[in-house]
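Fold and geometry: a report
One letter stands for each residue in the lines below.
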Amino acid sequence: MRDNSRIIRPAGRPFNGEITVPGDKSISHRAVMFGAIAKGTTRIRNFLMGADCLSTIDCFRRLGVQIDVEAAPGQVTVHGRGLRGLKGQQEPAASIVLDTGNSGTTTRLVSGILAGQDFPSLLSGDASLNTRPMKRIMEPLSQMGARIRSVKGNGCAPLAIEPGQLHGIQYTTKVASAQVKSSILLAGLYADSSTSVTEPALSRNHTELMLKGFGADVSSIIKEDGTATASIAPCRELYAQDIIVPGDISSAAYFIAAALLVPGSSLLIKNVGINPTRAGFLSVCRSMGGDITILSERQAGGEPSADLLVKHSSLHGITIEGSLIPTLIDELPMAAVLAAFADGTTVIRDAAELKVKESDRIATVTANLRAMGCDVTPTDDGMIIRGGSPLHGAVLDSYLDHRIAMSFAVAGLAADGETRIRNANCVDISFPGFYDYFN
Ligand code: S3P
């Protein structure tokens, strides 16, 4: 079998100069999905050619949408089929089978769209995806009148979806989840009355911003207590857009962390999306003492972006909790690694969602940090990291989780000795070429 390990050695020199990171994963997914169900041709620039977003393209191609991909410049052209133009299987009553790979975003958002179609479908992903919780979308979609069931009856994919008449609902979610919110809002496009989703804190709002651009009637409010409601009216048609995808702040996070940790570094990361519902990692780094300057702020399609100048800094521990958590949910493994190198104690709480990501990230971060000699205690909804003692290189596993592989590649740069990361190629999920960037 091909060796799928990577060796990371301590950074021999500072991270200096200028880089860009690949396009935002969440925005890339949505651009293809909304383009597919819009009327006209949607042109997407700086699309993320990661495996997850390619799963989304595959699904919509199977649903009869012509999608042209020019990989090198990251250009994708989606020939939309309109809100009711997706195609099912040719034989009557046979389900169209869609492979959503490792992608939770594809599975949950596409389910919302498929719930509104007049043909049956079956969604299934890889072994990891098929263990992730889907009741969180099955429940609200069923309340809307969707006929969706877990084929194995375990609340996970494969999911079978039959045609059903959808009605608007007012739904309150237990956790702040953009995937759940988006799934419901997308089904709401096909409902016969308005739909609203209230979440305990605002999760990433790319769906609301982008659907508005495509012509949907979407509105959002945030109350003083922090709860956030997004509403959508039934829709006749969406209209194609040109979309420029900003660099992914989740991918930038690894280089922000590397520059903060490696002495002498001064790194300019250009064109990074800094939507406030995603930018919690920047505030966390700054609260830890990180020197980050936001330069040349601009807007495209309602999405703010900027250049980030990051300088080596000495860091101290903090508490990361509450409504900040959804704004850096994918960056918490990287934040935990930073905390291990920071003086003092860092507490991460209110982050039980970490357990249901591509791996149980409370368990996998704890295991890898401990292997490197860090004093860390896992909790039910986060972890306590007592930082500041030197970490040593170790043999680690990615647990087939792209964000674990990349976070611990950065840890390896700042540790003493050599670090080996097993199953390291999973970075292709969100950041193809990650190790080349690093080198
Ligand atoms: C995403 C939402 C988040 C995030 C995931 C992408 C999205 O998941 O972890 O990587 O694009 O909507 P949840 O909605 O489950 O928090």
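Whatever comes next refers back to the structure up there.
Below or above, wherever it landed, is the structure these notes cover. (Residues numbered from 1 in each chain as written. Predicted model: local features only at pLDDT ≥ 70, side-chain atom pairs only at ≥ 80, totals over all residues. Heavy atoms only, no water.)

Examining helix α2 (residues 51–62)
Turn by turn, an α-helix covers 3.6 residues, leaving residues three or four places apart pointing in a common direction. End to end, α2 covers 16 Å across twelve residues, agreeing with the expected 16 Å (1.5 Å per residue, within 8%). Turning to α2, its buried residues number three or more, namely Asp52, Cys53, Ser55, Thr56, Ile57, Cys59 and Phe60. On its buried face, α2 sits against α1 (25–36), β4 (66–70), β5 (75–81), β6 (96–101) and α3 (104–114). Just downstream of α2, Gly64 is the residue with a positive phi angle, here 90°. (Helix = DSSP H or I, 4+ residues; strand = E, 2+ residues; numbered from the N terminus. Expected span 1.5 Å × (residues − 1). Buried < 20%, exposed > 50% of the residue type's maximum accessible area, 1.4 Å probe, protein only. Contact = heavy atoms within 4.5 Å.)

Quick notes on unusual backbone geometry
In this model, Ala157 is joined to Pro158 through a cis peptide bond whose omega is 0°. Phi at Ser296 takes a positive value of approximately 50°, unusual for a residue other than glycine. Structurally, Ser296 can be placed in strand β17 (residues 291–300). Its relative accessible area of 47% is what places Ser296 among the partly exposed residues. With a phi close to 55°, Asn423 is a non-glycine residue in the positive phi region. Considering the arrangement of structural elements, one finds Asn423 in the loop between β24 (419–422) and α12 (434–438).

A closer look at the packing of helix α7 (residues 249–261) against helix α8 (residues 280–287)
Direction vectors running N to C along α7 and α8 enclose 15°, while the axes themselves pass 10 Å from each other. In this view, α7 runs roughly parallel relative to α8, as classed from their interaxial angle. Of the two elements, α7 crosses α8, and the hand of that crossing is right-handed. On α8, the residues that touch Ile249, Ala253, Ile256 and Leu260 of α7 are Phe281, Leu282 and Cys285. Tallied by class, the residues present in the contact of α7 with α8 amount to seven nonpolar, no polar and no charged. (Axes fitted to C-alpha atoms, helices over the stretch in contact; angles between N-to-C directions. Parallel < 35°, antiparallel > 145°, perpendicular 65-115°, else oblique. Left-handed = near helix turned anticlockwise from the far one by under 90°. Nonpolar A, V, L, I, M, F, W, Y, C, P; charged D, E, K, R; others polar.)

Details of the nonpolar core
Ranked by internal contacts, the top residues of the largest apolar core, which has 75 residues, are Phe255, Ile256, Leu369, Ile385, Phe408 and Phe434. With sequence-adjacent residues up to four places away left out, Phe408 is seen in contact with Val337, Val365, Asn368, Leu369, Met372, Leu396, Thr419 and Ile421. Core analysis: the second largest hydrophobic core is formed by 66 residues, Val110, Ala115, Leu123 and Met210 among them. (Core = buried A, V, L, I, M, F, W, Y, C linked by side-chain atoms within 4.5 Å.)

A short note on the sheet that holds strand β13 (residues 228–232)
Within the open sheet, the four strands sit side by side as β10-β11-β13-β12. Their pairing is mixed. The open sheet has two edge strands, β10 (170–172) and β12 (218–222), and neither has a second partner. This sheet shows a mean twist of 15° between the axes of neighbouring strands, independent of strand direction. When strand β11 (residues 195–199) meets β13, the two strands line up antiparallel, connected through five bridges. Residue pairing in the sheet places Val197 in a bridge with Ala230 of β13. (Pairing = 2+ DSSP bridges.)

Coordinates in, geometry out; function isn't part of it.
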